[in-house]
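Fold and geometry: a report
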Amino acid sequence: QVQLVEFGGGLVQAGGSLRLSCAASGRTFSSINMGWFRQAPGKEREFVAGMTWSGASTYDADSVKGRFTISRDNAKNTVYLQMNSLKPEDTAVYYCAARIGGPIIVTIRGAYDYWGQGTQVTVSS
């Protein structure tokens, strides 16, 4: 079992920045591949960014490439999502997710084994 808790959501103006954190417990964090997803009202949950368990590989969705950065601190059992140059269309509930398995980044929601409860990010225009 892996428990995930997100922090850091909130309201920000367009062009601003936020950093989301996701604290993990219950399993050796350094063996878990991590991802961030988001879900806007009326839309499907979509992949945002992912990182392998070692941190050696990352992948960002095209919609956030160059603006969002995923990182992790295995000593703190935490994964981060730094979000810069935020746009109103980034408004969504953001979820962190954990995938047990080989060190590859998967963008498919169903491939992830554990999920956090989500944190709301609202970007005003």
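Below, the structure is looked at part by part. (Residues numbered from 1 in each chain as written. Predicted model: local features only at pLDDT ≥ 70, side-chain atom pairs only at ≥ 80, totals over all residues. Heavy atoms only, no water.)

A closer look at the pattern of salt bridges
With the rule as written, the count across this model stands at three salt bridges. A salt bridge links R38 to E46; its shortest N-O distance comes to 2.6 Å. Judged by relative accessible area, R38 falls into the buried class, the value being 6%. The shortest N-O distance in the salt bridge between R38 and D90 comes to 2.9 Å. (Salt bridge = Lys/Arg side-chain N within 4 Å of Asp/Glu carboxyl O. Buried < 20%, exposed > 50% of the residue type's maximum accessible area, 1.4 Å probe, protein only.)

With respect to the pairing of strand β9 (residues 92-100)
When you tally the buried positions in β9, you get seven out of nine residues, the bulk of the element. As paired strands, strand β4 (residues 32-39) and β9 are joined by eight bridges and run antiparallel to one another. Within the sheet, the bridge partner assigned to R38 lies in β9 and is Y94. Taken together, the three bridges between β9 and strand β11 (residues 119-124) define a ladder with antiparallel strand orientation. Residue A92 lies in a different strand from β11, and its bridge partner there is V121. Relative to strand β10 (residues 114-115), β9 runs antiparallel, the two sharing two bridges. Considered in β10, the bridge of A97 is made with W115. (Helix = DSSP H or I, 4+ residues; strand = E, 2+ residues; numbered from the N terminus. Pairing = 2+ DSSP bridges.)

Brief notes about the environment of C22
Tracing the chain through its elements places C22 in strand β3 (residues 18-25). Separated by 49 residues in sequence, C22 and S71 place their C-alpha atoms 11 Å apart. Setting aside residues up to four positions removed in sequence, C22 forms contacts with L4, V5, E6, M34, W36, N77, T78, V79 and C96. (Contact = heavy atoms within 4.5 Å.)

Brief notes about the side chain of R67
With respect to the element layout, R67 can be found in the loop between β6 (58-60) and β7 (68-73). Of the polar contacts made by the side chain of R67, one reaches the backbone oxygen of S85; its length is 2.9 Å. Setting aside its immediate chain neighbours within four residues, R67 contacts Q82, M83, N84, S85, L86, K87 and D90. (Polar contact = N/O pair within 3.5 Å; in protein donor to acceptor, adjacent residues only side chain to side chain.)

Notes on the nonpolar core
For soluble globular proteins, nonpolar side chains are generally found buried alongside one another. W36, L81, M83 and Y94 are the most contacted members of the largest nonpolar core, which has 34 residues in total. Mapped by element, the contributors of at least two residues to this core are β3, β4, β5 (46-51), β7, β8 (78-83), β9 and β11. Those residues in contact with M83 that lie beyond four places of it in its chain are G16, S17, L18, L20, R67, F68, Y94 and V121. (Core = buried A, V, L, I, M, F, W, Y, C linked by side-chain atoms within 4.5 Å.)

Examining the state of the cysteines
Inspection of every chain in the model, using the stated rule, returns one disulfide. In this model, C22 is linked to C96 through a disulfide, with the two sulfur atoms separated by 1.9 Å. Disulfide C22-C96: the torsion about the S-S bond is 45 degrees, which places it as right-handed. Here C96 lies in strand β9 and C22 lies in strand β3, a separation of 74 residues in the sequence. C96 sits in the buried class, given a relative accessible area of 0%. (Disulfide = S-S within 2.5 Å.)

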